[in-house]
Amino acid sequence: MLNCDKLIYMTDIEYSELKEMINELLIQMDNSNVYLEEATQPIEPSVAIGRLSRMEAIGEKSVNEARHVNVKLRLEKLKNALKRMEDGNYGICVRCKEEIPFGRLQAVPETLICVPCAEKKKR
Ligand SMILES: [Zn+2]
């Protein structure tokens, strides 16, 4: 039985791999956050924007605003994932309490739910 459990549950190596991924993503998202913070500042009517017209600058700004929302959301989720690692409940689906497969965690390390639960949620 013990061997069986080991097979499904993450190994220490997989666990630290995920932790490293999350930390790296946090740094990336933090950098994007700083950049997007700047990129979403109000555009002064008189500002010289180089080759961009004011209309283009406004279009760009709204794209960046949407990105900024996503980046901030992902930062929150990643921080939450790290907290869950500290608490020892990382990788457990919050809905069905089953272990989330390593492959899914690798694809979306901040995920809180397993694939079957995520699909149920959509319906
Ligand atoms: Zn689940």
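Because the structure is a prediction, the values reported are computed rather than measured.

**Focus: the overall build of the protein chain**
Helices and strands together make up the secondary structure of the protein chain, namely 5 helices and 0 strands. Counted from the first residue to the last, the protein chain has its helices and strands arranged as α-α-α-α-α. For the protein chain, the proportion of its 123 residues judged to be buried stands at 27%. The contacts of the protein chain with a sequence gap of at least 6 include a subset with a gap of at least 24, amounting to 57%. Only carbon and sulfur atoms are counted for the fraction: they give 55% of the accessible area of the protein chain, which is about 9,000 Å².

**Digging into the environment of Leu25**
With respect to the element layout, Leu25 can be found in helix 2 (residues 12–39). As for Leu25 and Glu110, which are separated by 85 residues in sequence, their C-alpha atoms are 9.8 Å apart.

**Digging into the coordination of the zinc ion**
Looking at the zinc ion, the protein donor atoms are Cys93 (SG), Cys96 (SG), Cys114 (SG) and Cys117 (SG), and they sit 2.2 to 2.3 Å from it. Every donor counted, the 4 donor atoms about the zinc ion form angles of 105 to 116 degrees at the centre, which fits tetrahedral coordination. Residue Cys96 is classed as partly exposed on the basis of its relative accessible area of 30%. Owing to a relative accessible area of 5%, Cys117 belongs among the buried residues under this scheme.

**Describing unusual backbone geometry**
One non-glycine residue with positive phi stands out, namely Lys97, at about 65 degrees. As for its position among the elements, Lys97 is in the loop between helix 3 (54–87) and helix 4 (102–107).

**Section: the confidence of the model for the protein chain**
Looking at the protein chain, pLDDT values average 88 and 86% of them are 70 or higher. The weakest mean pLDDT in the protein chain belongs to helix 1 (residues 2–8) at 45; the strongest belongs to helix 2 at 95.

**A closer look at the nonpolar core**
Soluble globular proteins tend to bury their nonpolar side chains together. Residues Leu18, Ile22 and Tyr90 are the most contacted members of the largest nonpolar core, which totals 22 residues. Of all the secondary-structure elements, those providing two or more residues to this core are helix 2, helix 3, helix 4 and helix 5 (115–122).

**Considerations on the layout of surface pockets**
Empty space within the largest pocket amounts to approximately 180 Å³. Along the walls of the largest pocket sit Asn70, Leu73, Arg74, Glu76, Lys77, Asn80, Val108, Glu110, Thr111 and Leu112, which together make up its complete lining. A class-by-class count of the residues in the lining of the largest pocket yields 3 nonpolar, 3 polar and 4 charged.

**Observations regarding the side chain of Thr111**
Relative to the assigned elements, Thr111 resides in the loop between helix 4 and helix 5. Classification of Thr111 by relative accessible area gives buried; the value is 10%. Side chain to side chain, Thr111 and Arg104 meet in a polar contact 2.9 Å long. Apart from residues no more than four positions distant in its own chain, Thr111 is found in contact with Ile100, Arg104 and Leu105.

**Points about a positive patch on the surface**
A cluster of basic residues, Lys77, Arg95, Lys120 and Lys121, forms a positive patch at the surface. Tracing the sequence through the fold places Lys121 in helix 5.

What counts, and where the lines are drawn
Residues numbered from 1 in each chain as written. Predicted model: local features only at pLDDT ≥ 70, side-chain atom pairs only at ≥ 80, totals over all residues. Heavy atoms only, no water. Helix = DSSP H or I, 4+ residues; strand = E, 2+ residues; numbered from the N terminus. Buried < 20%, exposed > 50% of the residue type's maximum accessible area, 1.4 Å probe, protein only. Contact = heavy atoms within 4.5 Å. Areas by Shrake-Rupley, 256 points an atom, 1.4 Å probe, with all protein chains shown as cover. Donors = N, O, S within 2.8 Å, 3.2 Å for Na, K, Ca; no water. Tetrahedral: all angles 85-135°; square planar, octahedral: opposite > 155°, others 65-115°. pLDDT = per-residue confidence, 0-100. Core = buried A, V, L, I, M, F, W, Y, C linked by side-chain atoms within 4.5 Å. 1 Å grid on protein atoms, 1.4 Å probe; cavity = no way out; pocket = protein on both sides within 12 Å on 5 of 7 lines; lining within 4 Å. Points joined across faces, edges and corners; volume = space filled by probe spheres on them. Nonpolar A, V, L, I, M, F, W, Y, C, P; charged D, E, K, R; others polar. Polar contact = N/O pair within 3.5 Å; in protein donor to acceptor, adjacent residues only side chain to side chain. Patch = residues over 30% accessible without salt bridge, like charges linked within 9 Å, V, L, I, M, F, W, Y side chains within 5 Å. Salt bridge = Lys/Arg side-chain N within 4 Å of Asp/Glu carboxyl O. Lys, Arg positive; Asp, Glu negative; His and termini not counted. Charge placed at Lys NZ, Arg CZ, Asp CG, Glu CD.

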